[in-house]
Amino acid sequence: MEQLTISHVSKKYGRQVILEDLNCQLAPGKIYGLLGRNGAGKSTLLNIITGRIFPTNGTVALDKLGTNDQDRVLGQFYLMSESNLYPKRTTIQRMFDLADGSYGHFDYQNANRLLKAFGIDAKIQLSKLSTGLQTAAKLVVALNVNANYVFLDEPTLGLDANHRELFYKELVKSYQEKPRTFVLSTHLIDEIQQLVEHVLILADHHLIEDADVETLLDRAYTVTGPANLVDQYVAGLRVLSADQLGTVKTAYVFDQLDDQRVIPDQVKVGHYDLQKLFIGLTNGGSENE
Amino acid sequence: MSKQKMTLVMTNVFHRLGQAILITVGWIVGFEVVVSLMGLIFNRNPESFLVTLQGIPSTLAVFINLVLLAYFIVTPYVDFKWAIQNGISRKTMWRGRALALFLATLVIFILDELLSMANQPAMSPRTLLVNFLILLTGVVTCQAVGNGFSLLNRTWKWIVGIGLPVMFIIFCVIMVRLILAMGSQITALVENKQFVAAMTVVFNNPVLPYVLWLIYFAIMLGLTKLFNDRMQLRRD
């Protein structure tokens, strides 16, 4: 499998800047999380990668082959998104057939099993399903399509907790059986933290983080204790946010703690999760850089 | 794989166009039969009833042509959406739709001729060819218009949809006024023997209409490709 390279991609709608000079690479056989606040440009980026829209500047290439209008390249990408791009009366079965006709080797057996698990009839029209079941039906196609890069934009939109759990389980199963790249763009960070290996965080039209989850969380510390000691300890570190309850303060640090920094007795150092880190990074900056 | 994708695009066109034609045929036959039956009930004239029924094939021929033209105006963006959803490139979509357009036009032209056979004498091969080329050019023009409109959002569709015909009418009015204003010069030109002789040579040339047609056809086909290659998901 080839590597997907995004080089200097920008997108503007009139004067509105959505993405600016974005650079990153997606490796084959890895699960990515694409995170960003509403309007950060996640869907725009996925639409550009899959050739649905053109970038204002920049290129997307799969092993040096531009994605723009290359069947060989586009045939390796599948984007499941909120928008329904099928004609009005398209049935789920027809969606399977189209995926099979375009990508080849669609896994009908597994798709039908999954449909049953979600409680969907293959003969029903997609537009006649509820929002959650429409998402489920699209996920069934996405998990069984023969594409090396599967992009899932809001894959849990409208799904209830049971169906979300089923989806996460099936995603892992599908990945284990046939490793390929999945990119999950979602706001439910807590739920995908255990699933994704690498995250891309978009904010202010730029990619502000592009790292493995483990590497990121290794730099995410909570420093809790008396306010004056905490302030003293985190001086010079990148503090994303802080909570204070009486005299007890918790600072959320996103930095490398060096061994020479002595931890005062009353101060405790711990770790926080990806969601907290995301909020800190996208809430407008740091307190103490 | 490209060939398989192109076949998918083509079969989709045939499938949906076939559905549209079947619905149209159902409506027309149903409507004409009901109207004829009502006439029979009121007039009690079986001959008039049969004559009305005999008119159904020619009505069908007209409406099937209209469906064909309308199909290629309305569907480019719909086809683009499902095609790009399934990793089909714009190039393959254009090729598939162009080939489907040609084959569908040919089949519908043959169907038209069969339906019209009862009401008109058999035509010479040259007339048949000319009629086919006229229909094909009409459909390709509709395809170019449809592809062009696919690039516009709702607001611009209204602006262009109303603006362009209005501009065309204004242009025609200006041209007529210009010709009327130049009345004496045009009369002098028409009375000029050399000019008339030159024009006669040009217009009597049997190749000229085909050359003009070819230029127009190439421009329209080029426009379908140009607009097709710029199609992208709209935000409206």
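About the thresholds
Residues numbered from 1 in each chain as written. Chains lettered and ligands numbered in written order. Predicted model: local features only at pLDDT ≥ 70, side-chain atom pairs only at ≥ 80, totals over all residues. pLDDT = per-residue confidence, 0-100. Contact = placed C-beta atoms within 7 Å. Helix = DSSP H or I, 4+ residues; strand = E, 2+ residues; numbered from the N terminus. Nonpolar A, V, L, I, M, F, W, Y, C, P; charged D, E, K, R; others polar. Axes fitted to C-alpha atoms, helices over the stretch in contact; angles between N-to-C directions. Left-handed = near helix turned anticlockwise from the far one by under 90°. Pairing = 2+ DSSP bridges. Buried ≥ 20, exposed ≤ 12 C-beta atoms within 10 Å, placed from the backbone. Right-handed = clockwise from strand over helix to strand, strands pointing away. Domains from an automatic or database assignment. UniProt positions renumbered as here; feature names shortened; annotations may be inferred.

An unreviewed UniProt entry lists chain A under the name ABC superfamily ATP binding cassette transporter, ABC protein, from Limosilactobacillus antri DSM 16041.

Enquirer: What exactly am I supposed to notice about the confidence of the model for chain A here?
Expert: Caution is warranted with low-pLDDT regions, since their predicted coordinates should not be read in detail. The predicted model of chain A averages 92 in pLDDT, with 97% of residues at 70 or higher. In the model, residues 285-289 of chain A has pLDDT below 50 throughout and makes 10 contacts with residues more than four positions away in sequence or in other chains.

Enquirer: It is not clear to me how the interface of chain A and chain B should be interpreted in this structure. Could you clarify?
Expert: Where the parts come together, the accessible area they lose is often given as the size of the interface. At the interface, 20 residues of chain A touch 19 residues of chain B. Sorting the residues of the side of chain A that touches chain B by element identifies α2 (71-74), β6 (77-80) and α3 (92-103) of chain A as the ones contributing at least two each. If you tally residues by element for the side of chain A that touches chain B, the top one is α3(A), at 5 residues. A class-by-class count of the residues in the side of chain A that touches chain B yields 11 nonpolar, 6 polar and 3 charged.

Enquirer: Explain the packing of helix α5 (residues 90-116) of chain B against helix α10 (residues 208-229) of chain B here, please?
Expert: When two helices pack together, their arrangement is given by the angle between the helix axes and the distance between those axes. All names here are of chain B. The interhelical angle for the contact between α5 and α10, taken along N-to-C directions, is 145 degrees, at an axis separation of 9 Å. Crossing geometry of α5 relative to α10 is assigned as right-handed. Of α10, the residues touching α5 (which contributes Arg90, Met93 and Trp94) are Lys225, Asn228 and Asp229. Classifying every residue of the contact of α5 with α10 by side-chain character gives 2 nonpolar, 1 polar and 3 charged.

Enquirer: Can you help me understand the sheet that holds strand β10 (residues 206-212) of chain A in this one?
Expert: Backbone-to-backbone hydrogen bonds pair the strands of a sheet. The strands run either parallel or antiparallel. All names here are of chain A. Read across the sheet, 6 strands follow the order β6-β7-β8-β3-β9-β10 without closing on themselves; strand pairing throughout is mixed. The sheet is open, and its two borders are formed by β6 and β10, each paired with just one other strand. Each strand of the sheet is rotated relative to its neighbour by a mean of 15 degrees, with strand direction disregarded. Two strands pair when backbone bridges link them, and strand β3 (residues 31-36) and strand β9 (residues 198-203) are joined in this way by 5 bridges, in the parallel orientation. When the sheet's bridge partners are listed, glycine 33 is paired in β9 with valine 199. The sheet strands contacting helix α5 (residues 131-144) are β6 and β7 (149-153), and the helix crosses β6 at an angle near 165 degrees. Lying over the sheet, helix α10 (residues 274-282) contacts β3, β9 and β10, oriented at roughly 30 degrees with respect to β9.

Enquirer: What is the right way to look at the pairing of β7(A) in this model?
Expert: Remark: a regular strand shows side chains that alternate across the two faces of the sheet. All names here are of chain A. The buried count for β7 comes to 5 of 5 residues, which makes it a mostly enclosed element. Taking every second residue as pointing to the same face, both faces of β7 are buried, with Tyr149, Phe151 and Asp153 on one and Val150 and Leu152 on the other. Judged from the 4 bridges that link them, β6 and β7 form a sheet pairing that is parallel. Bridging from a neighbouring strand, phenylalanine 77 pairs with tyrosine 149 of β7. With 5 bridges connecting them, β7 and strand β8 (residues 181-185) associate as parallel partners. Looking across to β8, one finds that leucine 152 is bridged to leucine 184. Handedness of the crossover is the feature at issue here: the chain leaves β7, passes through helix α6 (residues 161-177), returns alongside β8, and the resulting connection is right-handed.

Enquirer: Whenever I open this one, the pairing of strand β1 (residues 4-13) of chain A confuses me. Can you help?
Expert: All names here are of chain A. Here 5 bridges tie β1 to strand β4 (residues 57-62), and the two strands are oriented antiparallel to one another. Directly across from serine 7, in β4, lies its bridge partner threonine 59. Note that β1 and strand β2 (residues 16-26) share 7 bridges and pair antiparallel. The residue bridging tyrosine 13 from the neighbouring strand is glutamine 16, located in β2. Counting the residues that bridge the hairpin from β1 to β2 gives 2 residues, and of these glycine 14 lies at a positive phi of roughly 65 degrees.

Enquirer: Looking at this model, I keep getting lost on the domain arrangement of chain A. Mind explaining?
Expert: Residue and element names in this part refer to chain A. Each domain of chain A was delimited in the assignment, giving domain 1 (4-215) and domain 2 (219-282). For domain 1 versus domain 2, the distance between C-alpha centres works out to 35 Å. Elements represented by at least two residues in the side of domain 1 that touches domain 2 include exactly α7 (189-192), β9 and β10. Each residue belonging to the side of domain 1 that touches domain 2 can be placed in one class, and the counts come to 6 nonpolar, 1 polar and 3 charged.

Enquirer: I'm lost on unusual backbone geometry in this one. Help?
Expert: As a rule of thumb, non-glycine residues mostly have phi less than zero, and peptide bonds are mostly trans rather than cis. Residue and element names in this part refer to chain A. You will see that glutamate 154, though not glycine, has its phi angle at about 50 degrees, which is positive. Inspection of the secondary structure assignment puts glutamate 154 in the loop between β7 and α6. Of the residues examined, glutamate 154 has 18 C-beta atoms within 10 Å and is grouped as partly exposed. Phi angles above zero are rare outside glycine, and histidine 205 is one such case at about 70 degrees.

Enquirer: Can you walk me through the UniProt feature "transmembrane region" (unreviewed entry) in chain B in this structure?
Expert: With numbering matched to this structure, UniProt assigns "transmembrane region" (unreviewed entry) to residues 20-42, 54-78, 98-116, 128-146 and 158-180 of chain B. In residues 20-42 of chain B, the share of helix is 100% and the share of strand is 0%. The end C-alpha atoms are 33 Å apart.

Enquirer: Help me understand the sheet that holds strand β11 (residues 220-226) of chain A, please; the structure alone is not making it clear to me.
Expert: Residue and element names in this part refer to chain A. Reading across the sheet, the 4 strands line up as β12-β13-β11-β14 and stay open at both edges, with antiparallel pairing between neighbours. The sheet is open, and its two borders are formed by β12 (239-245) and β14 (268-271), each paired with just one other strand. Across this sheet, the average inter-strand angle for adjacent strands is 20 degrees, counted without regard to direction. Both β12 and strand β13 (residues 248-254) contribute to a ladder of 6 bridges, which runs antiparallel. Within β13, the residue paired with glutamine 244 across the bridge is lysine 249. With respect to the sheet, helix α9 (residues 227-234) is in contact with β11, β12 and β13, its orientation differing from that of β11 by roughly 145 degrees.

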